[in-house]
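Coordinates in review
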Amino acid sequence: MTWSITFYNEKVEQETLSLPSGILANFLRITELIEEFGPDLGRPHTAPLGKGMFEIRAKGKEGISRSVFCTVKGQEIVILITVIKKGNKIPSRQMETARKRMKEVQDDG
């Protein structure tokens, strides 16, 4: 069975799809792998963040992005936030947003 990837909302989808072209190409390749093999690809593609959250680690000549996702019922993955990485860690404010969104999508499921 294949996995499906959805976005938390349209804004997250727009933010993700407007990544610089090199990063976006890598992101799309990783999502294809996730759809086929599941989210537990491991580094350099995905990594666990703990408490049920994972990240897609996309790279391009323009830099690095992180898309935080969680799994919900069945084989569905929801991308909660996408950020262009500037430091070593995803900013805590954005991680807090991702945690709230994860709780929402999992409570609905």
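Placed above this text is the structure.
About the criteria used
Residues numbered from 1 in each chain as written. Predicted model: local features only at pLDDT ≥ 70, side-chain atom pairs only at ≥ 80, totals over all residues. Heavy atoms only, no water. Pairing = 2+ DSSP bridges. Helix = DSSP H or I, 4+ residues; strand = E, 2+ residues; numbered from the N terminus. Axes fitted to C-alpha atoms, helices over the stretch in contact; angles between N-to-C directions. Contact = heavy atoms within 4.5 Å. Expected span 1.5 Å × (residues − 1). Buried < 20%, exposed > 50% of the residue type's maximum accessible area, 1.4 Å probe, protein only. Arc of directions from axis to C-beta.

**Let's talk about the sheet that holds strand β5 (residues 76-84)**
- Sheet architecture is open: 5 strands sit in the order β1-β5-β4-β3-β2, paired in mixed fashion. The sheet is open, and its two edges are formed by β1 (4-7) and β2 (46-50), each paired on a single side. Sheet twist, expressed as the average angle between the axes of neighbouring strands with direction ignored, equals 35 degrees.
- Where strand β3 (residues 53-60) and strand β4 (residues 63-72) come together, 8 bridges link them in antiparallel fashion. Across the sheet, A58 pairs through a bridge with S65, a residue of β4.
- Strands β1, β4 and β5 of the sheet are contacted by helix α1 (residues 10-17), whose axis makes an angle of about 55 degrees with β5.
- Helix α2 (residues 21-37) contacts β1, β2, β3, β4 and β5 of the sheet and is inclined by roughly 135 degrees relative to β3.

**Let's talk about α2**
- The end-to-end C-alpha separation of α2 is 24 Å, in line with the 24 Å expected for 17 residues at 1.5 Å each.
- Of the positions making up α2, those classed as buried are I23, L24, N26, F27, I30, T31 and I34. Viewed end-on, α2 has its buried residues packed into an arc of 160 degrees, placing them on one side of the element. Along α2, exposed side chains directed more than 90 degrees from the buried face belong to S21, E32 and E36.
- On its buried face, α2 is in contact with β1, α1, β2, β3, β4 and β5.
- Positioned one or two residues after α2, G38 has a phi angle of 95 degrees, which is positive.

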